[in-house]
Amino acid sequence: MQLHTVVNMFGADLQRRYHEKIHKITLHGGFNCPNRDGTLGRGGCTFCNVSSFADELTQYHSIEEQVAEQAKNISRARRYLAYFQAYTSTYAEVEYLRNLYETALLQANMVGLCVGTRPDCVPVSVLDLLQSYQDQGYEVWLELGLQTAHNKTLKQINRGHDFQCYQATTREARRRGLKVCTHLIVGLPREDHALNMQTLERIVETGVDGVKLHPLHIVEGSIIAKAWKAGRLTALTQEQYVYTAGEMIRHTPPEVVYHRVCASARKPTLLAPEWCENHWLGMNALYQDLLKKGVQGSGIGNAFIPY
């Protein structure tokens, strides 16, 4: 499966620009989230359980130790991007962030930095800091968890910010030349194909450099899991995801880079959908859909296919 032949994938994009494979090293900075510590709310987003995608134990190791441990198990790449993923990786005083980010960047063979955060946790001081690394020649990506462009859904899933906040942060970051990667979820409660397509349209209109797309995972410990167990929420089927993700990709400008088009979680943390335990199943089905119906960008200018 050569997914990069039908989608502008991040790995292939990096290889074209750096003329070698670049590997993301996922780092845990020990951050919290304003939606968990009481600043905005408690309990976090209704779909969230960080342990489903991040090893919580890694936060007790230094950045140097985390980089060294992961790098020794990587054989196909010699240069890396430092990726701060868990929780809200800009949610701290700027001097703390500076120390953390620079420690990562100073490790051997780092070409840049990816920072996962919320649109409402990126003050000017953080943008200044990230811009300073870009000015030094590092690759810098600001990864913003949006999930949906619909304020009604954002409120329902307890995000604690609206779409207008996302727009303001994205525009200010891109005005400075920073690259923005937007995280989106297909299958959120009460959202259908049409609403997903509207979300894509709105982020493209706002301006975006990358997209990270994945299906809703119903994971143990999340608020959504209670609704699923009670029969109030139906898990997304692979066919539904492939149809919507395929159409979203076809309506995405070719220059936008997809950092992810599917995702997986492990049982017993993952409750549903079961097909999400192996992300290769979804990726292969999506690849076949794109081969059959058209590659990234091929649907621009065409009416959306009704679902």
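This section reports on the structure supplied with the text. Remember, it's a predicted structure, so these values are computed and weren't measured experimentally. (Residues numbered from 1 in each chain as written. Predicted model: local features only at pLDDT ≥ 70, side-chain atom pairs only at ≥ 80, totals over all residues. Heavy atoms only, no water.)

Quick look at the pattern of salt bridges
Point 1. Following the criterion strictly, the structure yields 20 salt bridges and no others.
Point 2. Connected through salt bridges with shared partners, the residues Asp13, Arg16, Arg17, Glu139 and Lys179 form a single ionic network. (Salt bridge = Lys/Arg side-chain N within 4 Å of Asp/Glu carboxyl O.)

Quick look at the packing of helix 7 (residues 193-206) against helix 9 (residues 238-250)
Point 1. Viewed as axis vectors pointing N to C, helix 7 and helix 9 meet at an angle of 25 degrees, and their least axial separation amounts to 10 Å. In terms of orientation, helix 7 lies roughly parallel with respect to helix 9. Judged by the sense of rotation from one axis to the other, the crossing of helix 7 with helix 9 is right-handed. Within the contact between the two elements, helix 7 uses His193, Asn196, Met197 and Leu200 and helix 9 uses Tyr243, Thr244, Glu247 and Met248.
Point 2. Considering only residue class, the contact of helix 7 with helix 9 consists of four nonpolar, three polar and one charged. (Axes fitted to C-alpha atoms, helices over the stretch in contact; angles between N-to-C directions. Helix = DSSP H or I, 4+ residues; strand = E, 2+ residues; numbered from the N terminus. Parallel < 35°, antiparallel > 145°, perpendicular 65-115°, else oblique. Left-handed = near helix turned anticlockwise from the far one by under 90°. Contact = heavy atoms within 4.5 Å. Nonpolar A, V, L, I, M, F, W, Y, C, P; charged D, E, K, R; others polar.)

Brief notes about the nonpolar core
Point 1. One finds Tyr101 and Leu130 to be the most contacted residues of the largest nonpolar core, which totals 66 residues.
Point 2. Ile157, Ile224, Ala227 and Leu271 belong to the second-largest nonpolar core, a separate cluster that totals twelve residues. (Core = buried A, V, L, I, M, F, W, Y, C linked by side-chain atoms within 4.5 Å. Buried < 20%, exposed > 50% of the residue type's maximum accessible area, 1.4 Å probe, protein only.)

What about the side chain of Glu20?
Point 1. Structurally, Glu20 can be placed in the loop between helix 1 (10-18) and strand 1 (22-27).
Point 2. Taking the relative accessible area as the measure of exposure, Glu20 reaches 19% and is therefore buried.
Point 3. Looking at Glu20, its side chain comes within polar contact range of the side chain of Arg79, at 3.2 Å.
Point 4. Setting aside anything within four residues of it in sequence, one finds Glu20 in contact with Leu14, Gln15, Arg78 and Arg79. (Polar contact = N/O pair within 3.5 Å; in protein donor to acceptor, adjacent residues only side chain to side chain.)

A short note on the environment of Glu274
Point 1. Within the secondary structure, Glu274 sits in the loop between strand 9 (270-272) and helix 10 (279-293).
Point 2. Look at Glu274 and you get exposed, because its relative accessible area is 58%.
Point 3. Taking the C-alpha atoms as reference points, Glu274 and Ser264, ten residues apart in sequence, are found 9.6 Å from one another.

Thoughts on helix 4 (residues 124-135)
Point 1. Helix length check: helix 4, at twelve residues, gives a terminal C-alpha distance of 16 Å against a target of 16 Å (1.5 Å per residue), a fit within 8%.
Point 2. Taken residue by residue, helix 4 has Val126, Leu127, Leu129, Leu130 and Tyr133 as its buried positions. Here the buried residues of helix 4 occupy an arc of 160 degrees about the axis, which is enough to place them on one side.
Point 3. Buried residues belonging to helix 4 abut helix 3 (94-105), strand 3 (110-117), strand 4 (139-147) and helix 6 (163-175). (Expected span 1.5 Å × (residues − 1). Arc of directions from axis to C-beta.)

Points about the packing of helix 3 against helix 4
When two helices pack together, you describe them by how their axes are tilted relative to each other and by the distance separating the axes.
Point 1. Running from N to C, helix 3 and helix 4 cross one another at 20 degrees; their axes reach a closest spacing of 10 Å. Classed by the angle they form, the pair helix 3 and helix 4 counts as roughly parallel. Handedness of the crossing formed by helix 3 with helix 4: right-handed. Taken together, the residues of helix 4 that come into contact with helix 3 (itself represented by Val94, Leu97, Arg98, Tyr101, Glu102 and Leu105) are Ser125, Val126, Leu129, Leu130 and Tyr133.
Point 2. The residue makeup of the contact of helix 3 with helix 4, split by class, is eight nonpolar, one polar and two charged.

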